[in-house]
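Secondary and tertiary structure notes
Residue strings, one per chain:
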Amino acid sequence: MTGDMHLADAAAAAAAAADATDATDATDLMVDAQHVDKWYGKVHVLQDVTLQVKRREVVVILGPSGSGKTTFIRCVNHLEKIQGGRILVNGHLIGYRDVGGKLVEDKEANIAKERKEIGMVFQRFNLFPHKTALENIIEAPTQVRGIPRDEALEVGTALLARVGLAAKADSYPAQLSGGQQQRVVIARALAMKPALLLFDEPTSALDPEMIGEVLEVMKELAHEGMTMIVVTHEMGFAREVADRVVMMDEGRVVEEATPERFFTNPTEERTKAFLAKIL
């Protein structure tokens, strides 16, 4: 493995199994969420959510606070359990197994195996403060995937260079700006060669001048074919990069459309009201 590895290497992992057949073909789906319900106590947080994401597709989810956006993507990698419906990623049930038509929660070892295909970038950086940028990146590949340390170091070094942080390999999180930390987090997710990347408002904790550097990395990933679900309030990113924009409110999918139609000619009154407040 060479030091001039590109983000395309990680994106290629997402595209490798893609089938250029009809978009309705199940083999072309990376995420297939079917009638998903989720409660927190008596609060019905997700209500009959059905959403499909094709391979190589970038879907941006918008909506007001408390609409269920973050909860949904946390359910996609089973950080949150669902109480109804089912979610498949890359053709596999996530968090559950089908026993006679009934879903039963899977063993933790199997859940961990399925999660290997899913990378997630949180609002907060969640880096190990006592490890350098490079050490943070190689932790999961060596400990979870069993990749030899020398190989992981080579991959991690290449990924740091690709996100513009080659000179920060030996820096600790406290020595990095917020934008730099978030780029390390993205590199860390890519080091696992995921088939799907989830972003939970990745720029919300950043100073305004740092947002652009993170969005640029995300744009490169999108252009190189990485399948992505992005929860964000960055309207410019949604317009430029998304293949589809999804509007959520009160735990439901209200509307989904191409960026052009979503922003210029939304059909639902709730979408129109939301856009009128933020644009």
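Keep in mind that this is a model prediction, so the values were computed, not measured.

With that settled, the discussion passes to the pairing of strand 12 (residues 252-257). Where a strand is regular, its side chains alternate between the two sheet faces. Two strands pair when backbone bridges link them, and strand 11 (residues 244-249) and strand 12 are joined in this way by five bridges, in the antiparallel orientation. Counterpart to Val-246 in the pairing with strand 12 is Glu-256. Between strand 11 and strand 12, which pair antiparallel one after the other, the connecting turn spans two residues, and Glu-250 there sits at a positive phi close to 50°.

Moving on: the sheet that holds strand 8 (residues 118-121). In spatial order, the strands read 8-9-10-3-11-12; together these six strands make up an open sheet with mixed pairing. Across the chains shown, the open sheet's two edge strands, defined by having one partner strand only, are strand 8 and strand 12. On average, adjacent strands in this sheet sit at an angle of 20° to one another, irrespective of strand direction. The strands that helix 2 (residues 69-76) touches are strand 3 (58-62), strand 8, strand 9 (196-200), strand 10 (227-231) and strand 11; relative to strand 9, the one it contacts most, it runs at about 150°.

This part covers the packing of helix 4 (residues 133-143) against helix 5 (residues 149-162). Two elements in contact, helix 4 and helix 5, have axes whose closest approach is 9 Å; the angle formed by their N-to-C orientations is 130°. Here helix 5 runs oblique to helix 4, going by the angle between their axes. Handedness of the helix 4/helix 5 crossing: right-handed. Where helix 4 approaches helix 5, its residues Ala-133, Leu-134, Ile-137, Ile-138, Pro-141 and Thr-142 are matched on the opposing element by Arg-149, Ala-152, Leu-153, Gly-156, Thr-157 and Leu-160.

Within this structure, the stated rule accounts for one aromatic pair. Centroid distance Phe-262 to Phe-263: 5.2 Å. Interplanar angle 80°. Geometry classified as edge-to-face. For Phe-262, a relative accessible area of 0% gives the class buried. A residue is classified by how much of its surface remains accessible, and Phe-263, at 9% relative accessible area, is buried. Between the NZ or CZ atom of Arg-239 and the centre of the ring of Phe-263, over which it lies, the distance is 4.4 Å.

Attention now goes to the nonpolar core. Residues Ile-186, Phe-199, Met-218 and Met-228 are the most contacted members of the largest nonpolar core, which totals 51 residues. In terms of residue count, helix 7 (residues 208-223) provides more of this core than any other element does, eight residues in total. Apart from residues lying up to four places away in sequence, Ile-186 is in contact with Val-121, Phe-199, Val-214, Val-217, Met-218 and Leu-221.

Once that is clear, we can look at the side chain of Glu-80. Structurally, the position occupied by Glu-80 is in the loop between helix 2 and strand 4 (84-89). Of the residues examined, Glu-80 reaches a relative accessible area of 17% and is grouped as buried. Separated by 3.3 Å, the side chains of Glu-80 and Tyr-40 make a polar contact. Those residues in contact with Glu-80, other than ones at most four positions away along the chain, are Lys-38, Tyr-40, Arg-74 and Cys-75.

Attention now goes to the environment of Arg-124. Structurally, the position occupied by Arg-124 is in the loop between strand 8 and helix 4. Since its relative accessible area comes to 58%, Arg-124 is described here as exposed. Distance from Arg-124 to Leu-206, taken between C-alpha atoms, is 9.4 Å for residues 82 residues apart in sequence.

A few words now on the confidence of the model for the protein chain. Across the protein chain, the average pLDDT comes to 90, with 91% of residues at or above 70. Below a pLDDT of 50 lies the segment residues 1-5, which in the model reaches 12 contacts outside its immediate sequence neighbourhood of four places, other chains included. In the predicted structure, residues 13-24 sits below a pLDDT of 50 and forms 20 contacts with residues beyond four places in sequence or in another chain.

Right, let's talk about the sheet that holds strand 1 (residues 29-40) for a bit. Taken in spatial order, the four strands line up as 2-1-4-5 in an open sheet, and their pairing is antiparallel. The open sheet is flanked by strand 2 (43-54) and strand 5 (92-93), the only strands paired with a single partner.

Parameters at a glance
Residues numbered from 1 in each chain as written. Predicted model: local features only at pLDDT ≥ 70, side-chain atom pairs only at ≥ 80, totals over all residues. Heavy atoms only, no water. Pairing = 2+ DSSP bridges. Helix = DSSP H or I, 4+ residues; strand = E, 2+ residues; numbered from the N terminus. Axes fitted to C-alpha atoms, helices over the stretch in contact; angles between N-to-C directions. Contact = heavy atoms within 4.5 Å. Parallel < 35°, antiparallel > 145°, perpendicular 65-115°, else oblique. Left-handed = near helix turned anticlockwise from the far one by under 90°. Phe/Tyr/Trp six-rings, centres within 6.5 Å; stacked < 30°, edge-to-face > 60°. Buried < 20%, exposed > 50% of the residue type's maximum accessible area, 1.4 Å probe, protein only. Lys NZ or Arg CZ within 6 Å of the ring centre and 35° of its normal. Core = buried A, V, L, I, M, F, W, Y, C linked by side-chain atoms within 4.5 Å. Polar contact = N/O pair within 3.5 Å; in protein donor to acceptor, adjacent residues only side chain to side chain. pLDDT = per-residue confidence, 0-100.

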